Amino acid sequence: MAKLIMTADDSASVRQMVSFTLKQHGYDVVEAVDGKDALVKLQGQKVDMLITDLNMPNLDGIGLIKGARALPTCKFIPIVMLTTESQDSKKQEGKAAGATGWIVKPFQPDQLIAVVKKVLG
Amino acid sequence: MIDQHRQAFKDEAYELLAELESSLLELEENPADSELIGRVFRAMHTIKGSGAMFGFDTIAAFTHEVETVFDQVRSGTMAVSQNLVDLSLAARDRIKAMLDGDGVDPDAAASEALIVKFKELSGSKGESEAKAASATGEQSSSPR
């Protein structure tokens, strides 16, 4: 059974690229447009991994990570942040909130897949 | 596949620019509205980040300069002024021109001149802070 990955990003083009890349490599994908949308969906569906942007309206990435870690189904799943280099402090904040790692934007599709394979096996 | 993603970014960026324009015009009337400030910042941040993802490096580099200033506004270290709104609307036009050129800046000199103005704005904010700090120091050291 294919692993299910959630991608949370307010940028439609990034969601599309992430989703396309993951599906190409055999993963199932559920998209969320912001942190609030992601949390609602996580409460109704178990995912194997969460990839989240940091800057999002309604509920940002840090808020989403904290909220996700409070859900029994997301307590131990890998959570990866998408972050720009200038957001070093955010990496630490994300880690403290429960993120497993991060991918620095901009990234190439093969970098994304390398990280996903590393954390999901 | 890459063309498909580039086109998706362009479509998204045009929408963001339309939202940016309306947010800036609202901000002109409500300069302290933190939600509007956040909206402007996120539009710039998304155009910058997604632009870099899909090879629109000129757009990403230009937008980064504007985003930096709005980050200062968002953190409360700079106030929204008419000058900032005017410059931001001009920046919006520059980004649109680059998008129309598929990422190529048709007037790099105009973009550069605008960046200089944004940096002056950011620098003058810095000078104001320095003057305020200096004034505080003089007051505290003056004899009673």
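Residues numbered from 1 in each chain as written. Chains lettered and ligands numbered in written order. Predicted model: local features only at pLDDT ≥ 70, side-chain atom pairs only at ≥ 80, totals over all residues. Heavy atoms only, no water.

### A few points about the overall build of chain B
Applicable threshold: Put simply, DSSP marks the helices as runs of H or I at least four residues long and the strands as runs of E at least two long, and each gets a number from the N terminus on. Only protein chains enter the area calculation, which uses a 1.4 Å probe; residues under 20% of their type maximum are buried, those over 50% are exposed, and those in between are partly exposed. Whether two residues touch is decided by their heavy atoms; if any such pair falls within 4.5 Å, the residues are in contact. Only the protein chains shown count as cover for residues, and all accessible areas are computed by the Shrake-Rupley method using a 1.4 Å probe.
Check the secondary structure of chain B and you find five helices and zero strands. Overall, chain B shows an N-to-C arrangement of helices and strands of α-α-α-α-α. Evaluated residue by residue, chain B yields a buried proportion of 44% over its 144 residues. Pairs at least 24 apart in sequence give 65% of the contacts found in chain B among residues at least 6 apart. Total accessible area on chain B is roughly 7300 Å²; 51% of this is exposed by carbon and sulfur atoms.

### Digging into the packing of helix H3 (residues 57–74) of chain B against helix H4 (residues 82–100) of chain B
All names here are of chain B. Here is the rule we go by: What counts as an axis is a line fitted to C-alpha atoms, over the stretch in contact for a helix, and the angles between N-to-C directions run from 0 to 180 degrees. What sets the label is the angle itself: under 35 degrees gives roughly parallel, over 145 gives roughly antiparallel, 65 to 115 gives roughly perpendicular, and the rest give oblique. Here is the rule for handedness: rotate from the far helix to the near one, and if that takes an anticlockwise turn smaller than a right angle the crossing is left-handed, while a clockwise turn gives right-handed. Just so you know the grouping, Ala, Val, Leu, Ile, Met, Phe, Trp, Tyr, Cys and Pro go in nonpolar, Asp, Glu, Lys and Arg go in charged, and all remaining residues, Gly too, go in polar.
Direction vectors running N to C along H3 and H4 enclose 160°, while the axes themselves pass 10 Å from each other. Classified by the angle between their axes, H3 and H4 sit roughly antiparallel to one another. As for the relative orientation of H3 and H4, their crossing is left-handed in sense. Here H3 contributes Thr58, Ile59, Phe62, Thr63, Val66, Val69, Phe70 and Val73 to the contact with H4, which in turn contributes Leu84, Ser88, Ala91, Arg94, Ile95, Met98 and Leu99. Of the residues contributing to the contact of H3 with H4, the split by class is eleven nonpolar, three polar and one charged.

### Some remarks on the nonpolar core
Rule in force here: Working definition of a nonpolar core: buried Ala, Val, Leu, Ile, Met, Phe, Trp, Tyr and Cys residues. They are joined through side-chain atoms within 4.5 Å.
Ranked by internal contacts, the top residues of the largest apolar core, which has 54 residues, are Leu22 and Val116 of chain A together with Phe70 of chain B. Ignoring anything within four residues of it in the chain, the contact list for Leu22 of chain A reads Ile5, Tyr27, Val29, Ile51, Leu112, Ile113 and Val116 of chain A. Listed in part, the 23 residues of the second largest apolar core include Leu4, Met6, Ala32 and Leu50 of chain A.

### What to know about the sheet that holds strand S5 (residues 101–105) of chain A
Note: strands within a sheet are paired through backbone hydrogen bonds, in either parallel or antiparallel orientation. Residue and element names in this part refer to chain A. Where we set the bar: Strand pairing follows a simple DSSP-based rule, namely that at least 2 bridges must link the two strands.
Spatially, S2-S1-S3-S4-S5 is the arrangement adopted by the five strands of the open sheet, whose pairing is parallel. Every other strand in the sheet has two partners, leaving strand S2 (28–32) and S5 as the edge strands with one partner each. Taking the axes of each pair of neighbouring strands and ignoring which way they run, one obtains an average angle of 20° across the sheet. Across five bridges, the pairing between strand S1 (residues 4–8) and S2 is parallel. Looking at S2, one finds that Leu4 is bridged to Asp28. Across the face of the sheet, helix H2 (residues 35–44) comes into contact with S1, S2 and strand S3 (49–53) while running at roughly 135° to S2. Along the sheet, helix H5 (residues 109–120) makes contact with S1, S3, strand S4 (79–84) and S5, crossing S3 at roughly 140°.

### Concerning the confidence of the model for chain B
Regions with low pLDDT carry predicted coordinates that are not meant to be interpreted in detail. Residue and element names in this part refer to chain B. Under the convention used in this document: Per residue, pLDDT measures the predictor's confidence, with a range of 0 to 100.
With 84% of its residues at a pLDDT of at least 70, chain B reaches an overall mean of 87. Mean pLDDT values over the elements of chain B span from 68, in helix H5 (residues 108–141), up to 97, in H4. Complex prediction metrics read pTM 0.86 and ipTM 0.84.

### Focus: the packing of helix H3 (residues 61–69) of chain A against helix H4 (residues 88–97) of chain A
Residues and elements named next belong to chain A. Where H3 meets H4, the axes come as close as 9 Å, and the angle between the chain directions of the two elements is 15°. The pairing of H3 with H4 is recorded here as roughly parallel in orientation. Note on packing geometry: the crossing formed by H3 with H4 is right-handed. Residues Ile62, Ile65, Lys66 and Arg69 of H3 lie in contact with H4, whose contacting residues are Lys90, Glu93, Gly94 and Ala97. Tallied by class, residues from the contact of H3 with H4 come to three nonpolar, one polar and four charged.

### A few points about the pattern of salt bridges
Opposite charge on two side chains permits pairing when their charged atoms draw close. Residue and element names in this part refer to chain A. Applied cut-off: Any carboxyl oxygen of Asp or Glu that lies within 4 Å of a side-chain nitrogen of Lys or Arg is treated as forming a salt bridge with it.
Considering all chains together, one arrives at 16 salt bridges over all chains under this definition. Across the pair Lys105 and Asp9 runs a salt bridge whose closest N-O atoms are separated by 3.6 Å. You can see Lys105 sitting in strand S5 and its partner Asp9 sitting in the loop between S1 and helix H1 (12–24), a full 96 residues away along the chain. Each of the two residues, Lys105 as well as Asp9, counts as buried.

### Examining the packing of aromatic side chains
Residue and element names in this part refer to chain B. Keep this limit in mind: Between the rings of Phe, Tyr and Trp (Trp by its six-membered ring), a pair exists once the centres lie within 6.5 Å; its type follows the angle of the planes, with under 30 degrees stacked, over 60 edge-to-face, and the other angles tilted.
Taken as a whole and assessed by the stated rule, the structure comprises two aromatic pairs over all chains. Their ring planes at 35° and their centres at 6.3 Å tell us that Phe9 and Phe54 sit as a pair that is tilted. With Phe9 in helix H1 (residues 2–29) and Phe54 in the loop between helix H2 (34–53) and H3, this pair connects stretches of sequence that are 45 residues apart. The class for Phe9 is buried, based on a relative accessible area of 1%. Judged by centre distance (5.0 Å) and plane angle (40°), the rings of Phe9 and Phe56 are tilted.

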